[in-house]
Amino acid sequence: MEIYIKKNYEEMSRKAAEIVAEEMRKRKNHFVLGLATGSTPIGLYKELIRMHQEEGLDFSRVITFNLDEYCGLSPDHEQSYHYFMFENFFKHINIDKKNIHIPDGMARDLDAHCREYEKMIADNRGIDLQVLGIGGDGHIAFNEPGSSLSSRTRVKTLTQQTVEDNSRFFKTIEEVPKYAITMGIGTIMEAKICLLLVNGDKKAEVFAKAVEGPMTTEVTASMLQTHPRTIAVVDEEAAAKLKRKDYYKHVEKMAGLLKKRVNEKGKNG
Ligand code: F6R
């Protein structure tokens, strides 16, 4: 896993946006971007919007797939992930609406819809880069503790902790949906790059478990340790409990020096 430890949330978001933009530019003709909701990626979306408005970053051919959606909330419900994505990202960039995919929490046949969602990802040749956040209980997407590490898109019952964590967005805890459609761990693991963002001291312990603890269904994010290319971009607070924090910083510095040397060599022939 590549780990970048940034000073604060703003720097974390900028670094993440640079990574997304670089991959987008590399795959101009076909880029499939997996997206997450929640508080963590808002800064990334803001920075990508700025890059679109000020630097012409082009989303016209980008295809997106969101990780998850609550069951029972219509797309115009203010707490639905549809609403979140349009408000925080899609309505500010030049994405073609037909390229946007978000699970439909109102689908009549939820199981059939989950299968169809998997098929749509496959028909688009898979996800190139998947943005991820981590939940307080170590989940990625809504793969709660105990989820199969090879699970596919399906309906999950949310844990009490997730319901409580998410109640900050609702007037009362009773209003928080108790089920969600979510990509599975197996689905996420097929993305070519996983970009995990983590910020704040509340996530320090669970992030250390995910990166340096044993691989376990108790912390489904720990499966990312086996992914061929996971990049974690985190702030200092979230990195506070990592055993190998100094080493990760050393690796980043050494990789930077190497890149500089290669560039200089290229310039001087
Ligand atoms: C959201 C998602 C979740 C969140 C996680 C962290 O699409 O998949 O796994 O990434 O719950 O949420 P925040 O960022 O609000 O702490």
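These numbers come from a predicted model, not from an experiment. (Residues numbered from 1 in each chain as written. Predicted model: local features only at pLDDT ≥ 70, side-chain atom pairs only at ≥ 80, totals over all residues. Heavy atoms only, no water.)

Caption draft 1: View of the site of the ligand. Residues in contact with the ligand amount to 14 residues; listed here are only the nearest, Thr40, Asp68, His139, Ala141 and Lys203. Measuring from an oxygen atom of the ligand, one finds a backbone N or O atom of threonine 37 at 2.9 Å. Backbone polar atom of alanine 141 to an oxygen atom of the ligand: 2.7 Å apart, as the coordinates give it. Summarising the interface, the protein chains cover 92% of the accessible area of the ligand, which totals 410 Å² for the free molecule. Comparing atom positions with the cavity grids shows the ligand to sit within the largest pocket. (Near = heavy atom within 4 Å. Polar contact = N/O pair within 3.5 Å; in protein donor to acceptor, adjacent residues only side chain to side chain. Areas by Shrake-Rupley, 256 points an atom, 1.4 Å probe, with all protein chains shown as cover. 1 Å grid on protein atoms, 1.4 Å probe; cavity = no way out; pocket = protein on both sides within 12 Å on 5 of 7 lines; lining within 4 Å. Sits in = over half its atoms within 2 Å of the grid points.)

Caption draft 2: Up close: unusual backbone geometry. Of note in the backbone geometry, arginine 125 takes a positive phi value of approximately 65° without being a glycine. For arginine 125, the position within the fold is in the loop between helix H4 (110-123) and strand E6 (129-132). One non-glycine residue, alanine 141, adopts positive backbone phi at about 50°. Mapping alanine 141 onto the fold places it in the loop between E6 and strand E7 (154-157). Of the residues examined, alanine 141 reaches a relative accessible area of 7% and is grouped as buried. (Helix = DSSP H or I, 4+ residues; strand = E, 2+ residues; numbered from the N terminus. Buried < 20%, exposed > 50% of the residue type's maximum accessible area, 1.4 Å probe, protein only.)

Caption draft 3: Expanded view of the UniProt feature "active site" (unreviewed entry) in the protein. Mapped onto the present numbering, the UniProt feature "active site" (unreviewed entry) falls at Asp68, Asp137, His139 and Glu144. Among the residues just listed, Asp68 and His139 line the largest pocket. As for its position among the elements, aspartate 68 is in strand E4 (residues 68-70). Residue classification places aspartate 68 among the buried positions, given a relative accessible area of 4%. Sequence-distant contacts of aspartate 68, that is, excluding residues within four places in its chain, are made with Thr37, Tyr81, Ile102, Pro103, Ala141, Phe142, Ile181 and Thr182. Along the chain, the position of aspartate 137 falls in the loop between E6 and E7. Judged by its relative accessible area of 11%, aspartate 137 falls in the buried class. Ignoring sequence-local partners within four residues, the contact set of aspartate 137 consists of Glu144, Pro145, Thr159, Gln161, Thr162, Val206, Glu218 and Val219. (UniProt positions renumbered as here; feature names shortened; annotations may be inferred. Contact = heavy atoms within 4.5 Å.)

Caption draft 4: Focus on the sheet that holds strand E3 (residues 62-66). Strand order in the open sheet formed by 7 strands is E1-E10-E9-E6-E2-E3-E5, with parallel pairing between adjacent strands. Of all strands in the sheet, those bounded by a partner on one side alone are strand E1 (2-6) and strand E5 (100-101). Here helix H1 (residues 9-26) sits on the sheet and contacts E1, strand E2 (31-35), E3, E6, strand E9 (193-198) and strand E10 (230-235); the angle it forms with E10, its principal contact strand, is near 155°. (Pairing = 2+ DSSP bridges. Axes fitted to C-alpha atoms, helices over the stretch in contact; angles between N-to-C directions.)

Caption draft 5: View of the side chain of serine 147. Position of serine 147 relative to the elements: it lies in the loop between E6 and E7. At 2.6 Å, the side chain of serine 147 forms a polar contact with the backbone oxygen of glutamate 144. With residues up to four places along the chain from it excluded, the contact list for serine 147 reads Arg154, Lys156, Thr217 and Thr220.

Caption draft 6: Spatial organisation of the sheet that holds E7. If you trace the 3 strands from one edge of the open sheet to the other, you get E4-E8-E7, paired in antiparallel fashion. Every other strand in the sheet has two partners, leaving E4 and E7 as the edge strands with one partner each. Going across the sheet, the axis of each strand differs from the next one's by a mean of 30°, ignoring polarity. Sheet analysis places E7 next to strand E8 (residues 179-182), joined by 4 bridges and oriented antiparallel. In the strand pairing of E8, lysine 156 is matched with alanine 180.

Caption draft 7: Up close: the state of the cysteines. Tallying each qualifying case throughout the model produces 0 disulfides. Cysteine 71 takes part in no disulfide bond, and the closest cysteine sulfur to it belongs to cysteine 114, at a distance of 7.6 Å. The class for cysteine 71 is buried, based on a relative accessible area of 15%. In this structure cysteine 194 is a free cysteine whose sulfur lies 19 Å from that of cysteine 114, the closest cysteine sulfur available. (Disulfide = S-S within 2.5 Å.)

Caption draft 8: Quick look at the pairing of E9. Of all 6 residues that make up E9, 6 are buried, and the element is covered over most of its length. Sheet topology places E6 next to E9; 4 bridges connect them, and they run parallel. Bridge pairing links leucine 129 to isoleucine 193 in E9. Pairing geometry for E9 and E10, over 5 bridges, is parallel.

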